[in-house]
Amino acid sequence: MDIRQKAKEILEDLKKNYEQGESSITYLWPKEDFAARQEMDAAIRYLKDKGIVDTYNTLGYALLKLSPIGIDLISENNEELVSAPPVQVFNIESINGPAIIGSQQTATINAGASLDDIKKLIHTLPEAEQLQAKGLYGELKKIESGAASIQKGGLSKFSDVLAKHTPLLTAVGNWIVQFLTNAI
């Protein structure tokens, strides 16, 4: 789906809520469908970049609130703000280490928060570090199943691989927070 089309659908939802006296709406992130999650995120970022909405993202959902520009837009039934985004092409030879590619105006780094996301990240690591990271994955599986509990220093043997690979550290941290708040 086109990002602008998805943005228009979100704007229509916001308009319905606004007409009922609410200036915000909450969207749950699609858990299983990563492509739908990226599409939703791109449409929300598009609306935010246009100044139509203010967003508050957390683990699992996004709260969208109409900005003054957004209120004017839906009040006047004006669609000119939801127009074609500029296209930028970046040709990249290679990247070594963390990098954000683009206009540097917006960056979304999805580190994931499920064990499947963590497993996918592990498969992207250099082979020499995958064995240690797979051990970490095994520990997290035990914690999730109840065969082990989270204890102080319980993941310390994986500190080297976590320190080297920030996306993995972020994903594990997200997973632990979700686990401890009963979100998973």
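Here the structure is shown first, and the text comes after it.
About the thresholds
- Residues numbered from 1 in each chain as written.
- Predicted model: local features only at pLDDT ≥ 70, side-chain atom pairs only at ≥ 80, totals over all residues.
- Heavy atoms only, no water.
- Core = buried A, V, L, I, M, F, W, Y, C linked by side-chain atoms within 4.5 Å.
- Buried < 20%, exposed > 50% of the residue type's maximum accessible area, 1.4 Å probe, protein only.
- Helix = DSSP H or I, 4+ residues; strand = E, 2+ residues; numbered from the N terminus.
- Contact = heavy atoms within 4.5 Å.
- Axes fitted to C-alpha atoms, helices over the stretch in contact; angles between N-to-C directions.
- Parallel < 35°, antiparallel > 145°, perpendicular 65-115°, else oblique.
- Nonpolar A, V, L, I, M, F, W, Y, C, P; charged D, E, K, R; others polar.
- Salt bridge = Lys/Arg side-chain N within 4 Å of Asp/Glu carboxyl O.
- Left-handed = near helix turned anticlockwise from the far one by under 90°.
- Pairing = 2+ DSSP bridges.

Caption draft 1: Structural detail: the nonpolar core. Ranked by internal contacts, the top residues of the largest apolar core, which has 18 residues, are Ile10, Leu14 and Leu64. For this core, the secondary-structure elements that each account for two or more residues are helix H1 (3-19), strand S1 (24-28), helix H2 (34-49), strand S3 (61-66) and helix H3 (68-75). With 5 residues, the single largest contributor to this core is H2. In this view, Leu14 contacts Ser23, Ser24, Ile25, Val53, Leu64 and Leu66; residues no more than four positions away in its chain are not counted.

Caption draft 2: Main features of the packing of H1 against H2. In the contact formed by H1 and H2, the axes pass within 8 Å of each other and the chain directions differ by 75°. Accordingly, the angle class assigned to the pair H1 and H2 is roughly perpendicular. Residue-level contacts link Ile3, Arg4, Lys6, Ala7 and Ile10 of H1 to Glu39, Met40, Ala42, Ala43, Ile44, Tyr46 and Leu47 of H2. In terms of residue class, the contact of H1 with H2 is built from 9 nonpolar, no polar and 3 charged.

Caption draft 3: How the structure looks around the pattern of salt bridges. Counted by the stated rule, this structure contains 4 salt bridges. For Glu129, the salt bridge goes to Lys164, with nearest N and O atoms at 2.4 Å. Taken as a pair, Glu129 in helix H5 (residues 127-145) and Lys164 in helix H6 (residues 159-164) lie far apart in primary sequence, 35 residues in all. For Glu129, a relative accessible area of 12% corresponds to the buried category. Among the salt bridges present, the one from Glu139 reaches Lys142, with a minimum N-O distance of 3.6 Å. With Glu139 and Lys142 both in helix H5 and 3 residues apart, the pair spans about one turn of that helix.

Caption draft 4: Main features of the packing of helix H4 (residues 115-123) against helix H7 (residues 166-180). Where H4 contacts H7, the axes come no closer than 10 Å and their chain directions differ by 165°. Classified by the interaxial angle, the pair formed by H4 and H7 is roughly antiparallel. Crossing of H4 over H7 shows left-handed handedness. On H7, the residues that touch Leu115, Ile118, Leu121 and Ile122 of H4 are Pro167, Leu168, Ala171, Val172 and Trp175. Taken together, the residues of the contact of H4 with H7 sort by class into 9 nonpolar, no polar and no charged.

Caption draft 5: Representation of the pairing of S3. Residue alternation in S3 divides its side chains into a buried set, Ala62, Leu64 and Leu66, and an unburied set, Tyr61, Leu63 and Lys65. Note: S1 against S3, 5 bridges, orientation antiparallel. From the neighbouring strand, Ile25 faces S3, where its bridge partner is Leu64.

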